[in-house]
Amino acid sequence: MKEQELKKQRGEFQPEPMERERGPFREVFHRLCKRTTALFGLVIVALFLLSALLAPVISPHDPIEHNLAHKLEPPSWEYPFGRDELGRCILSRIIYGARISLVIGLIVISIGILIGVPLGVFSGYYGGKVDFIVQRFVDTMLAFPGILLALLLIAILGVGLQNVMIAVGVSTVPVYARLARSSVLAIKARQFVEAAKSMGARDLHIILRHLLPNSLSPIIVQSTLHMATAILWAAGLGFLGLGVNPPTPEWGAMLNGGRLYIRVASHVATFPGLMIFVTVLGFNLLGDGLRDALDPRLKT
Amino acid sequence: MGLLLQVRDLRTYFYTETGIVRAVDGISYDLQEGETLGLVGESGCGKSVSALSIVRLIPNPPGKIVSGEVLFEGRDLLKLTEDKIRDIRGDRIAMIFQEPMTSLNPVLTIGLQIGEVLELHRHLNRKESRSEVIRLLRMVGIPDAERRIDDYPHQFSGGMRQRVMIAMALSCNPKLLIADEPTTAVDVTIQAQLLEMIKELTSRLGTSVILITHNLGVVARYVNRMAVMYAGRIIEWGPAQELYRNPQHPYTIGLLASVPRLDQPRKARLVPIEGQPPDLVHLPQGCPFYPRCPRSMKQCASERPEPRLVDLDHMVSCWLPLDA
């Protein structure tokens, strides 16, 4: 900084390129905020993340404390979303439920990325037999309906939150493998990869330093969209009773719990359902916005 | 001055669905230390492939170096293990490519990219390599190097990026620099600047250069020796001045006639070489230039001319040198 000021004092010409001070992240963030729908998605996702992180601070009541005397009570000032079939505060349960959904989403995506991306990258970079074998495996998995695969895995592994995450995670692996492979194929043909080779770089170095960072943006977009899918699937499996154990507040299980009382106390099923809907919508909007913001062709 | 590089009967073929493409079909040449060799020819004549073959960067499959020797500092590069040749790439032999816009990784700062080479071959730590990178950037004439080192490639113009590439290529003081059409993608004024700089820096560092180009006019000043390639072979080879003054092969003559010159009247028309370069899958039996040659004879269609000396170190492959 000092040097720049000195130069200014000496009257040296200092060009100030416009985009200079803005790093790549701020750049994307800036472009993201220009789109109303994307911004809307970002706000929803931010609220979701905040409620998940701050659940103990912001939830008005204990999410598992029940009170049968007040069961199915409609919304009131004290209990804004009402009480469920065991008299528990629905708002608190929804706030704590966000935690579970967030954890499910993150773990599912991590499984998909950690297995799928390396598979795809190696398959695309080495080509030939490696590629053929990996891609036929991916084809087989893609031909299988995802939810069926997840159900099958749960049937093998048993009911429980951990197994739900593994099942849904594994069923997203082929998507990431495909995606990573196709970006690597496009990038490895570019000259800087050849230049890196001509400088004596090793394969692993080229993959980690040149191929992965350049193929990241479609993977980021996909994982945001997958977050929505993961939450939806987890809720679906929770609704079927294959997920968490009863007292734990999980949106799908809450929806199922409220199902029986939908005629007498519609709020019990409505609010968890609404939360699933809004959160999934938020991640989808954010994903779409990110896709546009990260697309270099749309840069102006 | 000793012999740095000896290429002997190098053949690189590509095995494609339509047949075997003989991209490089038996070329031989020598390169002295500190010398600059111009490798000239039209698109698809095997210039780039022959240069890439030296450091074994031919994509395999479909390409394969079929035979030959590449003796560099006494070692046959074609026989080295993959690890050994990797140590040579970027350290002893460096390359500059045609497209400055795409030969840098867009997501890394240029400082990191040049520094990588230094960390790889000279085992410098981050701090040492940073000051070395600044020195290199200054060397290639990038103003305000301390600040520019943290910029991304898109913040540089084409000419500046090519300077960055040159800095990267020369970072480990290579003995040989292979410049594959380094100035094709930049405009004419920058071309001259870049070539001047390559010449100046390599002569200071004692680096030999193989300059690949299709532009005879541009390289004249910068090369000591020239090899003209046609259909995967060297058809004429000799000191640059000799080749310009006294070309022997009808193809070389044709190339020189098709370059605009300042000493010709402004209305003088350029003389093109008629026809297309031959299909490298189905090379004619005789001289590959025979179908386009204005002076072809019966013998040319059936027999391939072997290289022979017309002067002390001026070699030509033609049945009918002009002064015969």
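Residues numbered from 1 in each chain as written. Chains lettered and ligands numbered in written order. Predicted model: local features only at pLDDT ≥ 70, side-chain atom pairs only at ≥ 80, totals over all residues.

## A short note on the overall build of chain A
Each helix and strand counted, chain A has 13 helices and zero strands in total. For chain A, the N- to C-terminal ordering of α and β elements is α-α-α-α-α-α-α-α-α-α-α-α-α. Relative to its length of 300 residues, chain A is extended, with a C-alpha radius of gyration of 24 Å against a globular reference of 19 Å. When the backbone C-alpha atoms are referred to their principal axes, chain A occupies close to 75 × 60 × 25 Å. Per-residue burial over chain A gives 42% buried out of 300 residues. Here the contacts in chain A between residues at least 6 apart in sequence split such that 69% fall between residues at least 24 apart. (Helix = DSSP H or I, 4+ residues; strand = E, 2+ residues; numbered from the N terminus. Rg over C-alpha atoms; globule rule 2.2 N^0.38 Å. Buried ≥ 20, exposed ≤ 12 C-beta atoms within 10 Å, placed from the backbone. Contact = placed C-beta atoms within 7 Å.)

## Examining the sheet that holds strand S12 (residues 314-316) of chain B
What holds strands together in a sheet is hydrogen bonding between their backbones, with the strands either parallel or antiparallel. Residue and element names in this part refer to chain B. Overall, mixed pairing links the eight strands, which are arranged S6-S7-S8-S3-S9-S10-S12-S11 in an open sheet. Each end of this open sheet is capped by a strand with a single partner; those strands are strand S6 (93-96) and strand S11 (308-311). The average undirected angle you get between the axes of adjacent strands in this sheet is 20°. Of the strand pairs in this sheet, strand S3 (residues 36-40) and strand S8 (residues 208-213) are connected by five bridges, and their pairing is parallel. Bridge pairing links Leu37 to Ile210 in S8. Where helix H6 (residues 158-169) meets the sheet, it contacts S6 and strand S7 (176-180), and its direction lies at approximately 175° from that of S6. (Pairing = 2+ DSSP bridges. Axes fitted to C-alpha atoms, helices over the stretch in contact; angles between N-to-C directions.)

## Digging into the nonpolar core
Nonpolar side chains in soluble globular proteins tend to end up buried together. Formed by 161 residues in total, the largest nonpolar core has its most connected members in Ile231 of chain A together with Val228 of chain B. In terms of residue count, the dominant contributor to this core is helix H5 (residues 90-126) of chain A (17 residues). The residues contacting Val228 of chain B, other than those within four sequence positions of it, are Val40, Gly41, Ile234, Ile235, Glu236, His249, Tyr251, Thr252 and Leu255 of chain B. (Core = buried A, V, L, I, M, F, W, Y, C linked by C-beta atoms within 7 Å.)

## Here we look at the confidence of the model for chain B
All names here are of chain B. In the predicted model, chain B carries a mean pLDDT of 85, and the fraction of residues at 70 or more is 98%. Taken element by element, chain B is modelled with least confidence in helix H8 (residues 216-219), mean pLDDT 76, and with most confidence in S7, mean pLDDT 91. Across the whole predicted complex the pTM is 0.75, and at the interface the ipTM reaches 0.79. (pLDDT = per-residue confidence, 0-100.)

## A few points about the sheet that holds strand S5 (residues 75-76) of chain B
Residue and element names in this part refer to chain B. Strands sit in the order S2-S1-S4-S5 across an open sheet of four strands; the sheet is antiparallel. Since the sheet does not close on itself, it has two edges, and those belong to strand S2 (19-32) and S5, each with one partner. One ladder, built from two bridges, connects strand S4 (residues 63-72) with S5; its direction is antiparallel. For Phe72, the partnering residue across the bridge sits in S5 and is Arg75.

## Remarks on the packing of helix H7 (residues 146-157) of chain A against helix H8 (residues 161-188) of chain A
All names here are of chain A. Taken N-terminus to C-terminus, the directions of H7 and H8 make an angle of 140°; their axes are 8 Å apart at the nearest point. In terms of their interaxial angle, H7 and H8 are classed as oblique. Crossing angle aside, the handedness with which H7 passes H8 is right-handed. For the pair H7 and H8, contact is made by Gly146, Leu149, Ala150, Leu153, Ile154 and Leu157 and by Asn163, Val164, Ile166, Ala167, Val168, Val170 and Ser171, respectively. Class assignment for the residues of the contact of H7 with H8 results in ten nonpolar, three polar and no charged. (Parallel < 35°, antiparallel > 145°, perpendicular 65-115°, else oblique. Left-handed = near helix turned anticlockwise from the far one by under 90°. Nonpolar A, V, L, I, M, F, W, Y, C, P; charged D, E, K, R; others polar.)

## Brief notes about the pairing of S7 of chain B
Residue and element names in this part refer to chain B. With respect to burial, S7 is a largely interior element, five of its five residues being buried. Of the two faces of S7, the one carrying Leu176, Ile178 and Asp180 and the one carrying Leu177 and Ala179 are both buried. Note that S6 and S7 share four bridges and pair parallel. Each residue of the ladder has a partner; that of Ala94, found in S7, is Leu177. Read as a crossover between parallel neighbours, the route from S7 over helix H7 (residues 188-205) to S8 is right-handed. (Right-handed = clockwise from strand over helix to strand, strands pointing away.)

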